[in-house]
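For reference, the chains in residue letters:
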Amino acid sequence: MDSAASLLEVYRRDRRRLLGFLLSAAGGHGRAVDPSRVDLDAVSADYALDCVASGAQFDASEATRRYFDDRRYPIMTNSPSRNSYFLLSRPEVSGSPPKKVAPDIGLVPPAEEKSSRTRKHSDSSRVAIDVPGASNGMKDVSLADTSPQQVKEMDILSLGLPRLSTELSDDDLRETAYEVLLASLFVSGKMNFSEEKREKKPKFLKGLRSKTERSNAAPQMENYYTHHLDLVRVQMEISESMDILAKRALRHIGSKMVQGQLDVPCISLQLLSSVGKFDFPTERLRVQWQRRQANILEELLLFSASLEYSMSETLRIVLSKLKNTEDWVVSVPDGRIEVLTIIERYNTRLSAAPKKFGLKGETYHWTRSYHFNSRLYEKLLCSVFDILEDGQLVEEADEILETVKLTWPILGITQKLHDVLYAWVLFQKFAQTGEILLLKQTDLQIQKLQLHNDARETEMYINSFVCSVESCGSKGALNLVDSALLKINMCCRRQLESYHLYFSQANYSIFESMLNLLLLSAAILTDDDEEAMVRFLTCPVVLL
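All values reported here derive from a predicted model rather than from experimental measurement.

Draft legend 1. Quick peek at the overall build of the protein. Helix and strand counts for the protein stand at 25 helices and four strands. Within the protein, the proportion of its 544 residues that are buried is 46%. Pairs at least 24 residues apart make up 72% of the contacts formed inside the protein by residues separated by at least 6 positions.

Draft legend 2. Quick look at the pattern of salt bridges. The full count for this structure, using the stated rule, is 16 salt bridges. Residues Asp170 and Lys379 are paired through a salt bridge, measuring 3.8 Å at the closest nitrogen-oxygen approach. Separated by 209 residues along the polypeptide, Asp170 in helix 7 (residues 170-187) and Lys379 in helix 16 (residues 370-381) bring together distant segments of the chain. Here Arg292 makes a salt bridge to Glu179, at a shortest N to O gap of 2.7 Å.

Draft legend 3. Representation of the packing of aromatic side chains within the structure. If you walk through the whole model with that rule in mind, you get nine aromatic pairs. On the basis of an interplanar angle of 85 degrees and a centroid distance of 5.1 Å, the ring pair of Tyr224 and Tyr225 is categorised as edge-to-face. Overall, Tyr225 belongs to the buried group, its relative accessible area being 19%. Connected via pairs of aromatic rings, a cluster forms that spans Phe357, Trp366, Tyr370, Tyr461 and Phe465. The ring of Phe385 carries the charged tip of Lys429 above its face, separated from the ring centre by 5.2 Å.

Draft legend 4. View of the confidence of the model for the protein. When pLDDT is averaged along the protein, the result is 77, and 70% of the positions lie at 70 or above. Per-residue pLDDT, averaged within each element of the protein, yields its smallest value for strand 1 (residues 129-134) (34) and its largest for helix 16 (97). Low pLDDT, under 50, characterises residues 106-155; the predicted model gives this stretch 72 contacts beyond four residues in sequence or across chains. Scored below 50 in pLDDT, residues 197-207 shows 12 contacts in the model against residues more than four places distant or in partner chains.

Draft legend 5. Helix 17 (residues 397-404), seen in detail. When we look at burial in helix 17, the residues that qualify are Ala397, Ile400, Leu401, Thr403 and Val404. Seen end-on, helix 17 carries its buried residues on one side only, within an arc spanning 160 degrees. The inward-facing, buried residues of helix 17 contact helix 7, helix 8 (224-235), helix 16, helix 18 (408-411) and helix 19 (415-433).

Draft legend 6. Representation of the packing of helix 9 (residues 240-250) against helix 10 (residues 264-274) within the structure. Contact pair helix 9 / helix 10: the axes reach a minimum separation of 9 Å and the direction vectors enclose 100 degrees. By the angle between their axes, helix 9 is roughly perpendicular relative to helix 10. Across the interface between the two elements, Ala246, Ala249 and Leu250 of helix 9 pack against Ile267, Gln270, Leu271 and Ser274 of helix 10. The class makeup of the residues in the contact of helix 9 with helix 10 is five nonpolar, two polar and no charged.

Draft legend 7. Up close: the nonpolar core. Counting 119 residues, the largest nonpolar core has Val264, Ile343, Phe372, Tyr377, Leu411, Ile446 and Leu480 as the members making the most contacts within it. Excluding its chain neighbours within four sequence positions, the residues that come into contact with Leu411 are Val180, Val264, Trp366, Asn373, Leu376, Tyr377 and Leu380.

Draft legend 8. Region of the structure containing the packing of helix 10 against helix 14 (residues 333-351). Following both chains from N to C, one finds helix 10 and helix 14 inclined at 165 degrees, their axes separated by 11 Å at the closest point. The angle between helix 10 and helix 14 falls in the class roughly antiparallel. Handedness of the helix 10/helix 14 crossing: left-handed. On helix 14, the residues touching Pro265, Cys266, Leu269, Leu272 and Ser273 of helix 10 are Leu340, Ile343, Glu344 and Asn347.

Draft legend 9. The arrangement of the side chain of Lys429 in detail. Structurally, Lys429 is set in helix 19. Overall, Lys429 belongs to the buried group, its relative accessible area being 16%.

Draft legend 10. How the structure looks around unusual backbone geometry. Even without being a glycine, Glu237 presents a positive backbone phi close to 60 degrees. On the secondary structure map, Glu237 appears in the loop between helix 8 and helix 9. Residue classification places Glu237 among the exposed positions, given a relative accessible area of 59%.

Draft legend 11. Spotlight on the environment of Met191. Within the secondary structure, Met191 is located in the loop between helix 7 and helix 8. Sequence separation between Met191 and Asn223 is 32 residues, and the spatial gap between their C-alpha atoms is 7.9 Å. Setting aside chain neighbours within four positions, we find Met191 in contact with Leu182, Leu185, Phe186, Thr226 and Leu229.

Draft legend 12. How the structure looks around the environment of Met460. Inspection of the secondary structure puts Met460 in helix 21 (residues 456-463). Relative accessible area serves as the criterion here: at 35%, Met460 is assigned to the partly exposed category. Sequence separation between Met460 and Lys356 is 104 residues, and the spatial gap between their C-alpha atoms is 9.8 Å.

Draft legend 13. Inspection of the environment of Lys487 at higher detail. With respect to the element layout, Lys487 can be found in helix 22 (residues 480-497). In this structure the C-alpha to C-alpha distance between Lys487 and Leu159, which are 328 residues apart in sequence, comes to 7.4 Å.

Draft legend 14. Broad picture of helix 22. For helix 22, built from 18 residues, the straight-helix expectation of 26 Å at 1.5 Å per residue is met to within 8% by its first-to-last C-alpha distance of 25 Å. Within helix 22, 16 of the 18 residues are buried, which leaves it mostly tucked inside the rest of the structure. Backbone nitrogen of Val481 and a side-chain oxygen of the N-cap are separated by 3.0 Å at the start of helix 22; the cap is Asn479.

Procedures and definitions
- Residues numbered from 1 in each chain as written.
- Predicted model: local features only at pLDDT ≥ 70, side-chain atom pairs only at ≥ 80, totals over all residues.
- Heavy atoms only, no water.
- Helix = DSSP H or I, 4+ residues; strand = E, 2+ residues; numbered from the N terminus.
- Buried < 20%, exposed > 50% of the residue type's maximum accessible area, 1.4 Å probe, protein only.
- Contact = heavy atoms within 4.5 Å.
- Salt bridge = Lys/Arg side-chain N within 4 Å of Asp/Glu carboxyl O.
- Phe/Tyr/Trp six-rings, centres within 6.5 Å; stacked < 30°, edge-to-face > 60°.
- Lys NZ or Arg CZ within 6 Å of the ring centre and 35° of its normal.
- pLDDT = per-residue confidence, 0-100.
- Arc of directions from axis to C-beta.
- Axes fitted to C-alpha atoms, helices over the stretch in contact; angles between N-to-C directions.
- Parallel < 35°, antiparallel > 145°, perpendicular 65-115°, else oblique.
- Nonpolar A, V, L, I, M, F, W, Y, C, P; charged D, E, K, R; others polar.
- Core = buried A, V, L, I, M, F, W, Y, C linked by side-chain atoms within 4.5 Å.
- Left-handed = near helix turned anticlockwise from the far one by under 90°.
- Expected span 1.5 Å × (residues − 1).
- Polar contact = N/O pair within 3.5 Å; in protein donor to acceptor, adjacent residues only side chain to side chain.

Shown next as structure tokens:
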């Protein structure tokens with residue numbers, strides 16, 4: 001068994017080296033491709049050889065699609081009968097054919113039928129979902145435009161993470177996620193902050209380009225990460241004034257690292273100790289900002305941590321002083337320093353606790369605050385969506401993802417968690433917009449999950465990300481990866497079981513992609529614990 005595993009590893013290593021040589025030598029039209037920016041384990045070797053032979057430009061997304069297409073189809077054998085092949089699926093898990101009778105299709109009034117025939121799509125890449133029963137007959141709508149009852153039935157857009165105990169809003173999470181990204185850039189040495197004033201560009205959305213506004217000329221950037229951070233800032237709707245305030249406060253965040261590690265409480269404490277009353281454009285912004293920082297510390301240190309009673313009571317009193325924004329401003333500097341010092345001491349004590357899984361770089365808040373960290377990472381991943389064109393990815397989406405990955409040591413994200421969370425936000429955006437390209441991207445991301453072969457400690461760590469699910473009228477618990485796959489599977493199954501309600505000839509491509517996603521997610525779910533997952537997958541769909 002060990003020899004087989006070692007041979008497989010040697011094969012993968014040699015395959016990566018060969019593909020790296022091919023791409024770096026000739027990526028097409030004489031332009032080499034940087035192998036470090038391509039997932040070589042998910043690149044079709046045939047496609048790479050075709051690009052080299054024909055001189056065509058190498059396309060990473062097409063290479064990935066070709067790779068998984070080759071894996072999806074059965075492997076044929078050269079038997080004389082020509083009828084032997086290997087199944088990728090397992091028939092015993094598929095179950096019996098559906099016994100549910102398809103619903104009748106009501107007659108469409110002549111006027112509505114005429115309007116349905118004359119309607120045309122303005123964008124061939126965007127396929128809406130047909131929902132009957134609207135006042136104008138068959139109407140093109142996304143999942144977000146369905147009736148309240150249908151929205152309630154299809155409301156799976158929740159991973160089932162433990163609820164936050166504080167009053168942190170989506171805007172609070174978004175702004176905090178951006179601060180974490182800034183801190184990761186400073187700590188990694190990828191960015192320096194200068195007080196020099198920059199010349200303002202005339203457009204509000206400077207540097208932002210969508211796929212529909214492609215340009216052949218690459219932007220002239222002084223700093224790779226600074227440019228893409230500015231894109232993320234615009235996408236996350238962070239004002240320039242708050243951006244400068246956070247950069248000024250976090251530029252020396254490295255000095256706040258505990259035992260070479262950085263966590264979200266350290267970032268909040270650094271901000272609170274470096275930002276003053278007059279750094280804010282308005283008093284209202286200052287109050288909102290301070291309450292947000294106090295709620296973050298309360299969520300991570302009081303509600304998520306396992307403290308002794310005396311410690312928690314002391315911390316509760318100290319945090320109440322911080323949450324009182326009026327008294328905080330008028331109090332003497334020594335008093336504020338004392339409060340922050342006490343909070344920092346508690347966080348240092350928690351950070352010194354034995355690591356649960358012994359992973360490299362593991363911090364206390366990786367496991368105790370996974371519900372908070374996962375939400376922050378979702379907000380960062382959402383910055384790849386164009387705020388001007390709903391359902392579209394910005395052209396620099398891949399570069400933004402590379403920048404966002406710098407937050408992994410702070411938030412405790414692994415490659416497998418990244419893949420499933422990115423698939424999750426893609427599917428969420430598809431559910432809101434009906435954009436088929438997002439559904440196909442979701443499929444590609446989920447296929448990457450099949451490539452992971454993590455160490456036992458890493459698997460145990462991922463399994464500690466517990467989410468709540470409901471099946472057959474009873475509540476259960478799954479890890480975050482399985483929860484996301486199950487929710488996606490449930491949504492696809494819900495629509496496919498009632499396909500007359502959601503699909504027509506106009507959007508058959510969504511039907512095909514959703515069916516592929518259903519089968520893929522079910523196959524991955526049944527790989528680890530087939531018996532338990534079959535129970536979830538065969539129960540009537542009950543959505544949280």
